[in-house]
Amino acid sequence: MLVNLNDILKKAQKEKYAVGLFNTTDTDMLQAAIAAAEELSSPIIIGTAEVLLPYGELELIAPALIAAAKRASVPVVVHYDHGLTYARCVEALQRGFTSVMFDGSVKPYAQNIAETKEIVKLAHAMGATVEGEIGHVGEAATGDNVLTDMYTTAEEARAYAEDTGVDALAVAIGSAHGVYKKKPMLNIGRLKEIRESVRVPLVLHGGSGLSDEDFAKSIAGGIAKVNVFTDLCLAGEKAMKEGTEKNLGYLETRNRKVDAIREAVRTKIRLFGSAGKA
Ligand SMILES: [Zn+2]
């Protein structure tokens, strides 16, 4: 069933587990993610991100995501991740996404607030939810995930959440997007301070490559949504490479890729504690 973030994250926050956002840029990834969630009776968040649109047009992938969510036996949020422009966020909502993330984190603070507020107003009128971001989630490839001045402060998080009215908040506590080149150092103390300062569910970006212990500590510290994409790509890529080496052909290789991604999603669902919470 198609739901929004509030429908699943409030419960997650209360019961101290997290729901994964698994971006699915094509119907193979989509099939894998939904199957994993159904097998484990877990709520799930699927979607795509603005930087991923070259790999799956919004106009084509949106109807597939929404159809899969409606048909699923578990609650499914269709989320537009890292919306960089107001226009694209509006387009995602018009195409039926039940949630958008507006990432104005690189913009001046006043502009970030003003634009986020506009999107919140529109999304709420349409029954959809909004995730905002404060602080800068690092880019693993450039190694900037260790710059402590990028960490979100509790005061920034409180002010931003209150000023914008977002339903969920992405915080920078040392994780980064992409493949980590060095071990990430999460600031769990900072996370706990933020948790005590804001009421909305908190989101951890850059969930690929963190250790099981990192996840356990983050979720215990108040994270209720974790974004995962790179790990699904790595699982799919490995299966495709094996299929090619074994001369299995396109369709059999494709099936093995779907199975590998499904297994990767199952692993994360179990780790996040959302199995059986549908
Ligand atoms: Zn992100």
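Preceding this section is the structure that the text describes.
None of these values were measured; they are calculated from a predicted model.

Undergrad: What am I meant to see in the overall build of the chain here?
TA: Within the chain, the regular secondary structure consists of ten helices and eleven strands. Computed over its C-alpha atoms, the radius of gyration of the chain comes to 18 Å, within 12% of the 19 Å expected for a compact globule of 278 residues. Based on the C-alpha atoms only, the size of the chain along its principal axes is roughly 55 × 40 × 35 Å. Taking all 278 residues of the chain together, 49% fall into the buried category. Of all intrachain contacts in the chain linking residues separated by at least 6 positions in sequence, the fraction that spans at least 24 positions is 71%.

Undergrad: Even after reading the chapter, I still don't get helix H2 (residues 27-39), so can you show me in this structure?
TA: Each turn of an α-helix holds 3.6 residues, which means side chains three or four residues apart point in the same direction. Spanning 13 residues, H2 covers 18 Å between terminal C-alpha atoms, matching the ideal 18 Å at 1.5 Å per step. Here H2 has its buried residues at Met29, Leu30, Ala32, Ala33, Ile34, Ala36 and Ala37. Those residues of H2 that are buried are in contact with strand E2 (19-23), strand E3 (44-49), helix H3 (58-71), helix H9 (230-245) and helix H10 (250-272). Positive phi shows up at serine 41, right after H2, with a value of about 50°.

Undergrad: I tried to follow unusual backbone geometry on my own but got confused; where do I start?
TA: With a phi angle near 60°, lysine 16 is a residue other than glycine that sits in the positive phi range. Along the chain, the position of lysine 16 falls in the loop between helix H1 (5-15) and E2. One non-glycine residue, histidine 82, lies in the positive phi region at around 50°. Along the chain, histidine 82 falls in strand E4 (residues 76-83). By the C-beta count within 10 Å, which is 24 here, histidine 82 ends up buried.

Undergrad: Got a minute to help me understand the pairing of E2 in this structure?
TA: On a regular strand, each side chain points to the face opposite its neighbour's, so the side chains alternate between the two faces of the sheet. Among the five residues in E2, five count as buried, and that is most of the element. What you see with E2 is no split at all: Val19, Leu21 and Asn23 on one side and Gly20 and Phe22 on the other are buried throughout. With four bridges connecting them, E2 and strand E11 (residues 223-228) associate as parallel partners. If you follow leucine 21 over to E11, its bridge partner there is asparagine 227.

Undergrad: Where do I start with H3 in this structure?
TA: Compared with the 20 Å implied by 1.5 Å per residue over 14 residues, the 20 Å span of H3 between its first and last C-alpha is a close match. For H3, the elements touching its buried residues are strand E1 (2-3), H2, E3 and E4.

Undergrad: Just to check I follow, could you spell out the environment of arginine 195 for this structure?
TA: Within the secondary structure layout, arginine 195 lies in helix H7 (residues 188-197). Sequence separation between arginine 195 and glycine 221 is 26 residues, and the spatial gap between their C-alpha atoms is 7.4 Å. Ignoring anything within four residues of it in the chain, the contact list for arginine 195 reads Leu202, Gly221 and Gly222.

The rules behind each value
Residues numbered from 1 in each chain as written. Predicted model: local features only at pLDDT ≥ 70, side-chain atom pairs only at ≥ 80, totals over all residues. Helix = DSSP H or I, 4+ residues; strand = E, 2+ residues; numbered from the N terminus. Rg over C-alpha atoms; globule rule 2.2 N^0.38 Å. Buried ≥ 20, exposed ≤ 12 C-beta atoms within 10 Å, placed from the backbone. Contact = placed C-beta atoms within 7 Å. Expected span 1.5 Å × (residues − 1). Pairing = 2+ DSSP bridges.

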